[in-house]
Amino acid sequence: MHVGEALIAHARAIAKRSIVVVGTAKNVGKTVTVTAMAEALERRAEAFGLCSIGHDGESLDVLEGTAKPRVFLRAGAFFVTARALLPAHPATEILEMPGEDSALGPIVVARVRTAGFFEIAGPPSAAALRRMIQRLFAHGAVTVLVDGAIDRIAAVRSEDAIVIATGAASGATPQSAAREAQALSECLRLPVVDESRAALELDGALTASMVTQFLRAGERRQIVVRDATRIVAAGRSVAGVARGLDLRCERSLHAVACTVCPAAPSRSFEPREFLRTVAGAVRLPCYDVYAGAAA
Amino acid sequence: MTAPWSAACAAEIGADWLEQEIAPAGDFGRRAREREHVFVLGDEAQAREAIARVYAAAEDVPPETLAQLCEAVLACPDPGMALARVLGDATLTDADLFELSRFVDGLERVRNLMTNAALAGIAMPPWPQALALTLRDGRTPQRGFYLSDAFDPELSAARAAAVALHARFDAERTRLRERIAVYAGLEDVRDGEFVLMRERAPAPLPAEIRVLREAPTYWLCEVALDEPARTVFTLLNAAEQRVAEREEAVRARLSAAVRAVAPILEDAAEKLGAVDAFVARVRFAQRYRTCAPEVAEVPCVQFVDARFLPLERSLESRGHRYAPLSLTLDSVGVLTGPNMGGKTAALRTVGFVACCVALGVPVPAASARVSLFDDYAWIGIGTEAERTALLSSFGLEVTQLRDVLSRAPERALVLVDEFARTTSPREGRALLVALVEWLRATGVIALVATHFSRIAEDAGAPHFAVVGLREPPRRSTEAVDLDAAIERIAEVMDYRVHRVAADEPLHADALALAEVLGLDPALIARARAVL
């Protein structure tokens with residue numbers, strides 16, 4: 001099976017045109033997931049754009065030693081990157097320099113004219129990322145893929161479909177890695193507030209210390225955040241430790257699927273068992289891009 | 001831009017505010033502004049010409065055209081870095097060429113707007129015709145830039161060869177992936193790393209599979225090229241190398257074309273800056289109903305219905321009306337008047353009007369005649385920033401005065417706001433008389449606001465006064481609301497400044513104002529009795 005096709009289909013099923021891949025850790029196959037979807041869109045000859053959220057810490061890719069995992073793109077693909085990361089060859093069509101900055105300097109919006117490997121870099125702020133997504137749509141992209149980062153999950157919006165990427169790099173055992181994915185998945189699929197019941201609305205983020213206070217105080221009201229991005233801090237979902245609380249959100253986000261990567265630099269899991277374990281935990285359609293398998 | 005006023009003085013007379021108001025929109029203009037200088041004594045002809053040009057453009061050019069010009073200048077990317085690179089013999093990147101293309105686009109738009117608007121008085125940026133033609137082949141329908149085949153037939157041929165080889169290589173990889181799929185009984189094998197379960201892969205593994213990593217139950221693999229695929233891959237690499245070389249050759253040729261017109265581009269960038277700075281002044285003149293002042297050779301500050309714009313804006317934002325001022329000052333004048341009557345505002349208006357001329361902009365007044373100065377000084381209890389714990393208000397004023405006197409400028413505008421009001425009245429008055437006499441002797445233009453009596457008479461200086469209360473303000477029977485009290489005072493206060501005749505009786509409005517502001521009536525009554 002082609003996992004990319006399946007992931008695109010999940011996003012289409014809820015009428016989303018921007019798909020953000022959020023990893024539970026580094027080296028969990030985010031870029032491979034993005035590439036799989038890019039390949040699917042290329043097969044369909046559908047115009048698409050590629051962007052990333054900031055520079056999410058993968059300053060050096062473990063396997064390739066490149067500044068960022070490079071993506072092979074064919075003619076017609078739109079992408080956002082830092083001016084400094086544009087390759088001399090193959091030459092690309094530069095569409096605009098929108099006045100945004102990435103950690104590596106000014107950002108350019110470009111279109112691939114000849115197939116090749118490209119590095120993707122995006123703006124560090126949520127607002128700038130949204131502007132870049134809009135620019136890609138304006139230039140003609142029908143779908144925009146975002147190589148996301150859990151540390152920058154605040155950039156995700158309800159208009160995006162979210163694909164969670166997890167892998168052996170996320171935990172010492174398949175179960176612990178699955179728990180990470182489960183916590184993120186539950187957090188992203190937080191139920192919407194029930195207007196008929198008492199609620200405590202939080203203006204900002206829900207932090208771990210607030211969770212502790214609420215648990216100690218035996219808080220029974222719904223605890224309402226704007227959306228799930230407000231309960232993910234420092235790459236971890238606070239919701240995972242808040243099981244005794246009735247967490248709610250004002251607007252829901254849309255996690256549509258999960259991908260797994262059984263291999264990590266320091267360990268590997270049995271692929272089928274890992275896929276089943278994660279699928280059981282996250283209760284989302286789960287795929288192994290490397291094995292071309294689904295659960 | 002070096003200004004002939006201190007930071008504290010600039011804040012008092014609204015020079016800071018004015019510089020913000022006439023700030024250019026973009027970096028070109030900001031750099032142009034840095035190269036400008038404030039008009040000082042001796043620059044009368046230039047100031048006259050500069051203001052006349054701004055005023056004429058403000059009269060002739062529609063605001064929407066100016067807004068479009070601003071927008072067009074802002075849309076021009078800065079070619080500075082690209083020019084620096086190319087002049088250092090470096091080859092330009094595609095991003096540099098994109099920016100230069102956009103610069104040329106912007107330049108064309110600015111030139112068209114300037115021509116259509118018949119914008120006179122400012123030099124038209126030059127047009128790099130040769131470069132515009134050269135870059136044309138790289139322009140894409142979305143106003144992007146691409147190192148297109150049109151630049152070089154050899155590049156076109158190299159790319160065609162590479163594309164054909166890409167297709168052949170894709171076909172080879174597909175063939176290998178299909179073989180692997182058949183071998184492992186899989187529907188599909190992804191192009192890249194893939195997992196192959198050991199149970200699906202009877203040993204030995206075929207040559208098409210390269211194992212990247214072994215795990216107990218699977219291999220992490222990728223497609224290994226066989227001889228036919230490797231042959232195509234080698235050809236593809238060579239073709240890609242050829243494309244890369246041709247692309248670099250085109251970039252080198254385009255860089256040479258840019259290098260050849262670098263002086264024109266530098267000149268164009270500089271002139272765009274001048275346009276930006278000029279348009280900012282013209283828009284100011286249109287925004288604030290200004291007049292073209294007469295730039296006088298002899299020292300003076302004279303105006304009719306002038307407005308101190310920072311205060312006018314502030315009052316308007318709170319729903320109040322600003323009263324314009326008229327004044328003729330051709331030596332040292334003494335200004336008196338009631339509290340809250342606008343003495344300080346009058347000083348600021350004098351400074352602001354002079355500052356407008358010094359910065360080359362029309363004056364917000366019905367008419368004005370103003371000379372240039374090489375020093376602007378404000379003496380008074382000004383901004384908090386200047387105060388130190390060890391220096392009293394009087395001490396601060398004295399140091400300000402000492403600094404002004406020590407500079408001994410050829411022509412200065414000195415504005416003195418209630419000098420010595422915080423020291424003993426007898427000595428303070430004496431100091432002020434001496435100061436006015438000294439200023440008169442040095443030939444400066446000065447306005448000295450004070451509550452001390454008979455300063456003008458004793459120093460032999462013209463006496464101006466704020467007209468003051470037209471009638472006693474209405475007293476409220478209810479608890480004093482400060483805003484309402486200020487409103488009532490403003491209703492009956494005549495802020496105009498007039499020249500006081502020798503025998504003219506002067507208003508003393510302090511007690512009436514204190515009463516409106518809520519001071520105990522018994523205390524007011526006792527004060528009246530003491531008077």
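Residues numbered from 1 in each chain as written. Chains lettered and ligands numbered in written order. Predicted model: local features only at pLDDT ≥ 70, side-chain atom pairs only at ≥ 80, totals over all residues.

### A word on the overall build of chain B
Move 1: Secondary structure assignment for chain B yields 19 helices and 13 strands.
Move 2: For chain B, the C-alpha radius of gyration of 37 Å lies well beyond 24 Å, the compact-globule estimate for 531 residues.
Move 3: The C-alpha extent of chain B, read off along each of the three principal axes, is 120 × 55 × 40 Å.
Move 4: Considering chain B as a whole, with its 531 residues, one finds that 41% of them fall into the buried category. (Helix = DSSP H or I, 4+ residues; strand = E, 2+ residues; numbered from the N terminus. Rg over C-alpha atoms; globule rule 2.2 N^0.38 Å. Buried ≥ 20, exposed ≤ 12 C-beta atoms within 10 Å, placed from the backbone.)

### Structural notes on the overall build of chain A
Move 1: Looking only at helices and strands, one finds 6 helices and 18 strands in chain A.
Move 2: The buried share of chain A, taken over its 295 residues, is 56%.
Move 3: Pairs at least 24 residues apart make up 75% of the contacts formed inside chain A by residues separated by at least 6 positions. (Contact = placed C-beta atoms within 7 Å.)

### Some points on the environment of P79 of chain B
Residue and element names in this part refer to chain B.
Move 1: In this fold, P79 is placed in the loop between α5 (63-74) and α6 (80-87).
Move 2: By the C-beta count within 10 Å, which is 25 here, P79 ends up buried.
Move 3: Taking C-alpha positions, P79 is 12 Å from G106, a pair spaced 27 residues apart along the chain.
Move 4: If sequence neighbours within four positions are ignored, P79 has contacts with E99, L100, F103, L265 and A269.

### Observations concerning the domain arrangement of chain B
Many structure descriptions define interface size as the accessible area lost when the parts assemble.
Move 1: You can read the domains of chain B as domain 1 (22-128 + 261-285), domain 2 (153-240) and domain 3 (290-506).
Move 2: Look at where the C-alpha atoms of domain 2 of chain B and domain 3 of chain B centre, and you get two points 86 Å apart. (Domains from an automatic or database assignment.)

### So, the sheet that holds strand β4 (residues 294-296) of chain B
All names here are of chain B.
Move 1: Taken together, 4 strands build an open sheet; the order of strands is β4-β8-β5-β6 and the sheet is mixed. Both edges of this open sheet fall to β4 and β6 (325-329), since each of them pairs with a single strand only. Strand-to-strand twist in this sheet, taken as the mean axis angle between neighbours without regard to direction, amounts to 20°.
Move 2: One ladder, built from 3 bridges, connects β4 with strand β8 (residues 367-371); its direction is parallel. Opposite V295, over in β8, you have V370 as the bridge partner.
Move 3: Packed on one face of the sheet, helix α13 (residues 343-358) meets β4, β5 (301-306), β6 and β8 and runs near 105° to β5. (Pairing = 2+ DSSP bridges. Axes fitted to C-alpha atoms, helices over the stretch in contact; angles between N-to-C directions.)

### Some remarks on the sheet that holds strand β15 (residues 246-249) of chain A
Residue and element names in this part refer to chain A.
Move 1: Judged by pairing direction, the sheet is parallel, and its 3 strands sit side by side in the order β11-β12-β15 without closing on themselves. Looking at the sheet topology across the chains shown, the edges are occupied by β11 (199-201) and β15. The mean angle between the axes of side-by-side strands here comes to 30°, regardless of whether they run parallel or antiparallel.
Move 2: Of the strand pairs in this sheet, β11 and strand β12 (residues 222-225) are connected by 3 bridges, and their pairing is parallel.

### Let's talk about the interface of chain B and chain A
Move 1: Across the contact, 29 residues belong to chain B and 28 residues belong to chain A.
Move 2: Of all elements in the fold, only α7 (94-116), α9 (153-184), β1 (194-197), β3 (218-223) and α10 (227-260) of chain B reach the threshold of two or more residues within the side of chain B that touches chain A.

### Quick look at the nonpolar core
Within soluble globular proteins, side chains that are nonpolar tend to cluster in buried spots.
Move 1: If you look at the biggest cluster of nonpolar residues, it comprises 245 residues, and the most contacted ones within it are I162 of chain A together with V353, A354, V357, V414 and V436 of chain B.
Move 2: Residue contributions to this core peak at 13 residues, all from helix α11 (residues 262-287) of chain B.
Move 3: What A354 of chain B contacts, discounting residues up to four positions off in sequence, is V301, V370, F373, Y376 and L413 of chain B.
Move 4: Residues L469, M493, A512 and V516 of chain B belong to the second largest nonpolar core, which totals 7 residues. (Core = buried A, V, L, I, M, F, W, Y, C linked by C-beta atoms within 7 Å.)

### Observations concerning the pairing of strand β16 (residues 254-261) of chain A
All names here are of chain A.
Move 1: Counting buried residues along β16, 8 of its 8 residues qualify, which places the element largely inside the surrounding structure.
Move 2: As paired elements, strand β10 (residues 160-167) and β16 share 7 bridges and run parallel to each other. Residue I164 lies in a different strand from β16, and its bridge partner there is C258.
Move 3: Direction of pairing for β16 relative to strand β17 (residues 286-288): parallel, over a ladder of 3 bridges. Looking at β17, one finds that C258 is bridged to C286.

### Topic: the pairing of β3 of chain B
Residues and elements named next belong to chain B.
Move 1: Where β1 and β3 come together, 4 bridges link them in antiparallel fashion. Looking at β3, one finds that M197 is bridged to Y218.
Move 2: As defined by bridge partners, strand β2 (residues 209-214) adjoins β3 across 5 bridges and the pair is classed as antiparallel. Paired with E214 across the strands is W219, a residue of β3.
Move 3: Linking β2 back to β3 in an antiparallel pair, the connection comprises 3 residues.

### Section: the packing of helix α1 (residues 3-13) of chain A against helix α2 (residues 30-43) of chain A
Residue and element names in this part refer to chain A.
Move 1: Following both chains from N to C, one finds α1 and α2 inclined at 85°, their axes separated by 7 Å at the closest point. Judged by the angle between their axes, α1 and α2 are roughly perpendicular. Between α1, through V3, G4, E5, L7 and I8, and α2, the contact on the second element is made entirely by A36, M37, E39, A40 and L41.
Move 2: A per-class count over the contact of α1 with α2 returns 7 nonpolar, 1 polar and 2 charged. (Parallel < 35°, antiparallel > 145°, perpendicular 65-115°, else oblique. Nonpolar A, V, L, I, M, F, W, Y, C, P; charged D, E, K, R; others polar.)

### Quick word on the packing of helix α4 (residues 174-188) of chain A against helix α6 (residues 271-282) of chain A
Residues and elements named next belong to chain A.
Move 1: The contact between α4 and α6 brings their axes to 8 Å, and the two run at 35°. α6 is crossed by α4, and the crossing has right-handed handedness. On the side of α4, the interface is formed by P174, Q175, A178, R179, A181, Q182 and S185, while α6 contributes E273, F274, T277, V278, A281 and V282.
Move 2: Residues belonging to the contact of α4 with α6 are distributed by class as follows: 7 nonpolar, 4 polar and 2 charged. (Left-handed = near helix turned anticlockwise from the far one by under 90°.)

### Quick word on the environment of F118 of chain A
Move 1: Within the element layout of this structure, F118 of chain A appears in strand β8 (residues 116-119).
Move 2: Excluding its chain neighbours within four sequence positions, the residues that come into contact with F118 of chain A are R70, V71, L73, F79, T81, P87 and V112 of chain A.

### Observations concerning unusual backbone geometry
Move 1: Omega for the bond connecting H89 of chain A with P90 of chain A falls within 30 degrees of zero, at 0°, which places this linkage in the cis form.
Move 2: Tracing the backbone shows P90 of chain A in the loop between β4 (78-82) and β5 (92-96).
Move 3: Here the phi dihedral of N27 of chain A falls at roughly 60°; this positive angle occurs in a residue that is not glycine.
Move 4: As for its position among the elements, N27 of chain A is in the loop between β1 (18-23) and α2.
Move 5: For N27 of chain A, a count of 22 C-beta atoms within 10 Å gives the class buried.
Move 6: A positive phi angle, close to 50°, is found at E418 of chain B, a residue other than glycine.
Move 7: Within the secondary structure, E418 of chain B is located in the loop between β10 (412-417) and α15 (425-442).
Move 8: Assessed through the 22 C-beta atoms surrounding it within 10 Å, E418 of chain B is described here as buried.

### A closer look at the environment of L85 of chain A
Move 1: Considering the arrangement of structural elements, one finds L85 of chain A in the loop between β4 and β5.
Move 2: Separated by 34 residues in the primary sequence, L85 of chain A and E119 of chain A place their C-alpha atoms 6.3 Å from one another.

### Examining the confidence of the model for chain A
Move 1: Mean pLDDT over chain A works out to 87, with 90% of the residues at or above the 70 mark.
Move 2: With pLDDT under 50 throughout, residues 56-67 of chain A is counted as low confidence; its partners more than four residues away or in other chains account for 20 contacts. (pLDDT = per-residue confidence, 0-100.)

### Some words on the confidence of the model for chain B
For any part of a model where pLDDT is low, the fine detail of the predicted coordinates should not be relied upon.
Move 1: Taken as a whole, chain B shows an average pLDDT of 90; of its residues, 97% reach a score of 70 or greater.
Move 2: Across the interface, the model reports ipTM at 0.85; the global pTM reads 0.82.

### Details of α6 of chain A
Residues and elements named next belong to chain A.
Move 1: The first and last C-alpha atoms of α6 sit 16 Å apart over 12 residues, in line with the 16 Å expected at 1.5 Å per residue.
Move 2: When α6 is considered as a whole, its buried residues turn out to be P271, F274, L275, T277, V278, A281 and V282. Considered in projection along α6, the buried side chains sweep an arc of 165° and stay on one side of the axis. Opposite its buried face, α6 presents the exposed residues E273 and G280, each directed more than 90 degrees away. (Expected span 1.5 Å × (residues − 1). Arc of directions from axis to C-beta.)

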